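The residues making up each chain are set out below.
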Amino acid sequence: MDPIRNPYAPGAGQRPPELAGRDIEVRQFEVVLERVAAGRPERSLVLSGLRGVGKTVLLNTLRSQAIKRAWGTGKIEARPEQSIRLPIAQALHTAMRELGHRHRDDERVDQFSAVLKAFALRTGAEDRKGIRWHPPVDVAAAKGRADSGDLEMDLIELFTDAADLAGDLSVGVGLFIDEMQDISPDDLSALCAACHEISQQSAPLVVVGAGLPHLPAVLSASKSYSERLFRYVRVDRLARDACDRALMVPAESEGVQYDEEALDELYAQTDGYPYFVQAFAHSTWDHAPTSPITIKDVAVAAPEASAELTVGFFGSRYERATPAEREYMRAMAELGIGVDDGSVPTAEVASTLNRKPQSLSPARDGLIKKGLVFSAERGTVAFTVPHFGKFLRTRTA
């Protein structure tokens with residue numbers, strides 16, 4: 001097949017040509033947009049799942065829906081040990097740029113810009129590192145609004161003013177946050193409190209977060225009412241029919257078909273994980289001589305696709321770990337045999353390594369901070385990356 005016409009997109013966060021298996025989430029968010037714009041109460045949204053299941057793609061798709069509805073939107077990617085104050089200011093500045101040119105009252109727009117600038121200027125010097133963006137320079141910072149230094153109070157005032165400005169246009173504001181689990185506990189608590197206040201006002205502002213499977217537990221630990229504050233959506237691997245759609249629809253647009261055995265084998269190879277589906281389909285397309293694509297084509301392409309995943313998807317993460325952390329992960333991998341690399345007890349990891357659990361805490365905590373493992377329940381750990389245990393067992397062998 002012509003590689004130039006290859007329709008598949010195995011890139012990080014790249015939208016696949018066919019967003020299969022996410023129809024329900026997309027339709028539900030359409031309802032959220034309409035309800036919020038109409039002044040009706042609605043919860044913010046949290047997406048959670050393993051790496052490679054398409055959380056970022058879905059997050060970007062939902063943002064695109066909001067943009068099509070003429071909402072003001074902004075997006076941030078949370079980073080460990082960095083305050084969210086300046087990134088949120090930057091995101092809301094983007095949102096207001098989308099709304100400001102349509103607003104008839106320039107003075108109202110300038111007033112919000114002044115509040116935004118006051119909010120941003122409260123950012124500490126240590127949290128400005130690596131961020132080139134600066135708050136609006138054409139207005140003076142407001143005084144006595146969103147500038148107290150208390151993040152919770154300042155967020156409430158900033159969100160309220162942003163929502164009021166959007167409400168003038170009968171639309172809303174969407175703040176989209178990727179890697180939400182990396183927000184510090186204090187900042188997350190402030191963000192939840194601000195969302196709580198905004199929701200009580202029925203103000204037209206929605207936060208949509210995405211993160212690893214333990215994100216709901218992190219939010220619950222931050223604020224007890226977060227269980228009712230957000231609508232939680234688990235983003236998982238694709239069912240067989242959705243996987244077939246993700247493969248067949250892009251191919252058919254190029255006049256190419258799959259035979260049934262090829263579809264069977266691709267699902268067996270990928271387990272329906274969207275990133276793996278795109279990677280294997282992309283490689284299979286390049287190796288297939290003609291349509292229809294057969295199981296033999298998949299067999300020829302599979303080693304190349306697996307090798308690419310080994311280096312890029314798995315290997316790059318493995319290399320980030322220290323020797324002690326790698327030892328911990330290898331023990332997890334051995335314990336995960338036969339349970340689809342699901343959660344394993346930390347006590348059993350310690351037993352496998354013939355160590356006391358307390359002595360392994362630094363390795364476990366380091367892996368959690370690096371986003372390689374997570375703990376959804378006390379006393380257990382699991383890999384954030386699907387098939388990572390299988391990769392480690394192969395590497396050990």
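Residues numbered from 1 in each chain as written. Predicted model: local features only at pLDDT ≥ 70, side-chain atom pairs only at ≥ 80, totals over all residues. Heavy atoms only, no water.

1. A word on the overall build of the protein
A tally of regular secondary structure across the protein gives 16 helices and eight strands. Over its C-alpha atoms the protein spans a radius of gyration of 23 Å, differing by no more than 12% from the 21 Å that the globule rule assigns to 397 residues. Dimensions of the protein, computed from C-alpha atoms along their principal axes, come out at roughly 65 × 60 × 35 Å. Here the protein holds 397 residues, and the buried ones make up 52% of them. In the protein, 77% of the contacts between residues at least 6 apart in sequence involve partners at least 24 apart. Counting only carbon and sulfur atoms, one obtains 49% of the accessible surface of the protein, whose full area is about 18200 Å². Side-chain charges in the protein split into 47 positive and 56 negative, and the spacing between the mean points of these groups amounts to 4 Å. (Helix = DSSP H or I, 4+ residues; strand = E, 2+ residues; numbered from the N terminus. Rg over C-alpha atoms; globule rule 2.2 N^0.38 Å. Buried < 20%, exposed > 50% of the residue type's maximum accessible area, 1.4 Å probe, protein only. Contact = heavy atoms within 4.5 Å. Areas by Shrake-Rupley, 256 points an atom, 1.4 Å probe, with all protein chains shown as cover. Lys, Arg positive; Asp, Glu negative; His and termini not counted. Charge placed at Lys NZ, Arg CZ, Asp CG, Glu CD.)

2. A short note on the pattern of salt bridges
Enumeration over the complete set of coordinates arrives at 20 salt bridges. Put simply, arginine 5 and glutamate 254 hold a salt bridge, and the shortest N to O gap is 2.9 Å. Placement of the pair is arginine 5 in the segment before α1 (23–37) and glutamate 254 in the loop between α9 (240–252) and α10 (260–270), with a sequence separation of 249 residues. Its relative accessible area of 28% is what places glutamate 254 among the partly exposed residues. Residue arginine 108 is joined to aspartate 168 by a salt bridge in which the shortest nitrogen-to-oxygen separation is 2.5 Å. Highlighted residues: arginine 108 in helix α4 (residues 106–121) and aspartate 168 in the loop between α5 (151–167) and β3 (173–178), separated in sequence by 60 residues. (Salt bridge = Lys/Arg side-chain N within 4 Å of Asp/Glu carboxyl O.)

3. Observations concerning the packing of aromatic side chains
The way to describe two aromatic rings as a pair is by their centre distance and the angle between their planes. Tallying each qualifying case throughout the model produces 13 aromatic pairs. Relative to phenylalanine 391, the ring of phenylalanine 388 has its centre 5.5 Å away and its plane inclined at 35 degrees; by these criteria the two rings are tilted. You can see phenylalanine 388 and its partner phenylalanine 391 sitting in helix α16 (residues 388–396), three residues apart, about one turn around the helix. On the basis of relative accessibility, which here comes to 1%, the residue phenylalanine 388 falls in the buried class. Lying across the ring of phenylalanine 313, arginine 317 places its NZ or CZ 4.8 Å from the centre. (Phe/Tyr/Trp six-rings, centres within 6.5 Å; stacked < 30°, edge-to-face > 60°. Lys NZ or Arg CZ within 6 Å of the ring centre and 35° of its normal.)

4. Overview of the state of the cysteines
Enumeration over the complete set of coordinates arrives at zero disulfides. A disulfide-free cysteine, cysteine 195 has its sulfur positioned 6.4 Å from the sulfur of cysteine 192, the nearest such atom. (Disulfide = S-S within 2.5 Å.)

5. Focus: helix α13 (residues 323–335)
For α13, built from 13 residues, the straight-helix expectation of 18 Å at 1.5 Å per residue is met to within 8% by its first-to-last C-alpha distance of 19 Å. Among the residues of α13, those classed as buried are Glu325, Arg326, Tyr328, Met329, Ala331, Met332 and Ala333. (Expected span 1.5 Å × (residues − 1).)

6. Considerations on a negative patch on the surface
Judged by side-chain charge, Asp105, Asp106, Glu107, Asp110 and Asp138 come together as a negatively charged surface patch. Inspection of the secondary structure puts aspartate 138 in the loop between α4 and α5. Judged by its relative accessible area of 68%, aspartate 138 falls in the exposed class. (Patch = residues over 30% accessible without salt bridge, like charges linked within 9 Å, V, L, I, M, F, W, Y side chains within 5 Å.)

7. With respect to the environment of threonine 394
With respect to the helices and strands, the residue threonine 394 is situated in helix α16. According to the relative accessible area criterion, threonine 394 is exposed, its value standing at 57%. Linking threonine 394 and alanine 307, residues 87 residues apart in sequence, is a C-alpha distance of 12 Å. Engagement of the side chain of threonine 394 in a polar contact is seen with the backbone oxygen of lysine 390, the distance being 2.9 Å. (Polar contact = N/O pair within 3.5 Å; in protein donor to acceptor, adjacent residues only side chain to side chain.)

8. Some thoughts on the sheet that holds strand β2 (residues 72–77)
The strand order across the open sheet built from five strands is β2-β3-β4-β1-β5, with neighbouring strands paired in parallel fashion. The sheet terminates laterally at β2 and β5 (230–234), the two strands that pair on one side only. Across this sheet, the average inter-strand angle for adjacent strands is 15 degrees, counted without regard to direction. Note that β3 and strand β4 (residues 205–211) share five bridges and pair parallel. Looking across to β4, one finds that leucine 175 is bridged to valine 207. (Pairing = 2+ DSSP bridges. Axes fitted to C-alpha atoms, helices over the stretch in contact; angles between N-to-C directions.)

9. Quick look at the domain arrangement of the protein
One can read the domain layout of the protein as domain 1 (22–234), domain 2 (239–318) and domain 3 (322–394). Between the C-alpha centres of domain 1 and domain 2 the distance comes to 37 Å. When the two sides are added together, the surface that domain 1 and domain 2 hide from each other amounts to roughly 430 Å², 58% of it contributed by carbon and sulfur. For the pair domain 1 and domain 2, the interface holds one salt bridge. Between arginine 245 and aspartate 23 there is a salt bridge, with the nearest N and O atoms lying 3.2 Å from each other. (Domains from an automatic or database assignment. Buried area = accessible area lost by both parts, 1.4 Å probe.)

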